[in-house]
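Residue-level listing of the chains:
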Amino acid sequence: MARITAGIATSHVPAIGAAIDRGKAREEYWRPVFEGYEWTRKWIAAERPDVVLLVYNDHASAFSLEMIPTFALGCAETFEPADEGFGPRPVPAVQGHPDLAWHIAQSLIMDEFDITIMNRLDVDHGLTVPMSLMFGQPQEWPVRVVPLAVNVVQYPPPTGNRCWMLGEAIRKAILGYAEDLNVQIWGTGGMSHQLQGLRAGLINTPFDTAYLDKLTSDPQALRRIPHIEYLREAGSEGIEMVMWLIMRGALGGRVAELHRHYHVPASNTAVGHLVLQAVS
Ligand SMILES: [Fe+2]
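Residues numbered from 1 in each chain as written. Predicted model: local features only at pLDDT ≥ 70, side-chain atom pairs only at ≥ 80, totals over all residues. Heavy atoms only, no water.

Counting 53 residues, the largest nonpolar core has Leu-148 and Tyr-211 as its most contacted members. If you tally residues by element for this core, the top one is helix 10 (residues 242-251), at 8 residues. Excluding residues within four positions of it along the chain, Leu-148 makes contact with Leu-53, Leu-54, Val-55, Tyr-56, Phe-71, Ala-72, Leu-73, Ile-115, Leu-166, Ile-170 and Ile-246. Among the nonpolar cores identified, the runner-up in size contains 38 residues, and Ile-20, Ala-72, Val-91 and Val-129 belong to it. (Core = buried A, V, L, I, M, F, W, Y, C linked by side-chain atoms within 4.5 Å. Buried < 20%, exposed > 50% of the residue type's maximum accessible area, 1.4 Å probe, protein only. Helix = DSSP H or I, 4+ residues; strand = E, 2+ residues; numbered from the N terminus. Contact = heavy atoms within 4.5 Å.)

Looking now at the pattern of salt bridges. All told, the structure shown has 7 salt bridges when counted by the stated rule. With its nearest N and O atoms 2.9 Å apart, the salt bridge here joins Arg-120 to Asp-122. By relative accessible area, Arg-120 is classed as exposed at 63%. The class of Asp-122 is partly exposed, set by a relative accessible area of 21%. (Salt bridge = Lys/Arg side-chain N within 4 Å of Asp/Glu carboxyl O.)

In this structure, His-12 (NE2), His-59 (NE2) and Glu-240 (OE) serve as the protein donors to the iron ion, at separations of 2.0 to 2.1 Å. On the primary sequence, the residues serving as donors to the iron ion are separated as H-x46-H-x180-E. Residue His-59 is located in the loop between strand 2 (51-56) and strand 3 (71-74), and its partner Glu-240 is located in the loop between helix 9 (227-234) and helix 10; the two are separated by 181 residues in the primary sequence. (Donors = N, O, S within 2.8 Å, 3.2 Å for Na, K, Ca; no water.)

Glancing now at helix 1 (residues 14-21). For helix 1, the complete set of buried residues consists of Ile-16, Gly-17, Ala-19 and Ile-20. Buried residues along helix 1 cover an arc of 160 degrees about the axis, so they all sit on one side. One or two positions beyond helix 1, positive phi appears at Gly-23, with a value near 70 degrees. (Arc of directions from axis to C-beta.)

Let us now look at the packing of aromatic side chains. Here the structure, examined in full by the defined rule, presents 10 aromatic pairs. Taking 5.0 Å as the distance between ring centres and 80 degrees as the angle between the ring planes, the aromatic pair formed by Tyr-29 and Trp-30 counts as edge-to-face. In this structure Tyr-29 comes out as partly exposed when scored by relative accessible area, which is 37%. What makes Trp-30 buried here is its relative accessible area of 9%. Both rings, one in Phe-71 and one in Phe-113, keep their centres 6.3 Å apart while their planes meet at 65 degrees; by these two values the pair is edge-to-face. Separated by 42 residues along the polypeptide, Phe-71 in strand 3 and Phe-113 in the loop between helix 4 (98-110) and strand 6 (116-118) bring together distant segments of the chain. Each member of the pair, Phe-71 together with Phe-113, is buried. Ring pairing ties together the aromatic residues Phe-207, Tyr-211, Tyr-230 and Trp-244, which thus form one cluster. Between Arg-162 and the ring centre of Phe-113, over which it is positioned, the NZ or CZ distance is 3.7 Å. (Phe/Tyr/Trp six-rings, centres within 6.5 Å; stacked < 30°, edge-to-face > 60°. Lys NZ or Arg CZ within 6 Å of the ring centre and 35° of its normal.)

Another point: a nonpolar patch on the surface. Among the surface-exposed residues, Trp-102, Ile-109, Met-110 and Ile-117 lie close enough to one another that they form a single nonpolar patch of about 380 Å² accessible area. If one sorts the elements of the nonpolar patch by residue count, helix 4 sits on top with 3 residues. (Patch = residues over 30% accessible without salt bridge, like charges linked within 9 Å, V, L, I, M, F, W, Y side chains within 5 Å. Areas by Shrake-Rupley, 256 points an atom, 1.4 Å probe, with all protein chains shown as cover.)

The element strand 8 (residues 182-188) is largely enclosed, with a buried count of 7 among its 7 residues. Burial along strand 8 is two-sided: Asn-182, Gln-184, Trp-186 and Thr-188 facing one way and Val-183, Ile-185 and Gly-187 facing the other are all buried.

With 13 residues, helix 7 (residues 205-217) should cover 18 Å at 1.5 Å per step; its first-to-last C-alpha distance of 18 Å lies within 8% of that length. Those residues of helix 7 lying buried are Phe-207, Asp-208, Tyr-211, Leu-212 and Leu-215. Along the axis of helix 7, the buried residues cluster in a sector spanning 135 degrees; they form a single face. For helix 7, the exposed residues set more than 90 degrees away from the buried face come down to Pro-206 and Ser-217. Elements in contact with the buried residues of helix 7: helix 8 (219-223), helix 9, helix 10, strand 9 (255-266) and strand 10 (269-278). Two or three places before Phe-207, at the start of helix 7, stands the capping residue Asn-204, its side-chain oxygen 3.1 Å from that residue's backbone nitrogen. (Expected span 1.5 Å × (residues − 1). Polar contact = N/O pair within 3.5 Å; in protein donor to acceptor, adjacent residues only side chain to side chain.)

What follows is the structure, encoded as structure tokens:
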């Protein structure tokens, strides 16, 4: 049977992808950002997951304001890097796992958790930057990916509690898949950041740190954080952190924190990263 072995949380700052693509990762500004991922790169090379269910948000690349699915599951064979205005990132196409993805879609919908099914989905920096952070610049990605796109761009985004419940339903689906697969769940986006308005550049390290702590020590408390608290404390784009709760909900009861990295600034955001091992 398929197993959920670990969860990863990470920011997906687009400038990180640009720094990698343009060979700037060793520059003074970027070095501390990337050093915090070195542990994870070694760890994941040893873990060798078969599939990553990768929770991210599209930034008006595959979707637009004309069509806004709250939750959309990638069921295609492959997912091409999206053109975000400067041409697609020079990264490999992402190989999907259609059989597992359709199994998850069926299980979710039978579980009364209706989801949008995507048979074509170009993936933007929200998905490809975490891939680059974990795997560097390979010719082909060493893992298959089931993308899960979440609307955190246009109000109203889903609540943190709903994200957690979706994570639980995803867990049930994956654990019911017959093939022996090592599956990881990644939640991306965050941490505190605001890209526009009078509070542009907002960083709230105490809020971010408490959020990182509670993902292990008291995750139930995170389910109850309302949208307005994310906006007030973590900035308008800090709402992306609800996606981490899909990852945490899917990991089950207890987790062990294997690795943590937090750095300010990257672009004008805080970068946060956790590796959580499923314990029970
Ligand atoms: Fe984002």
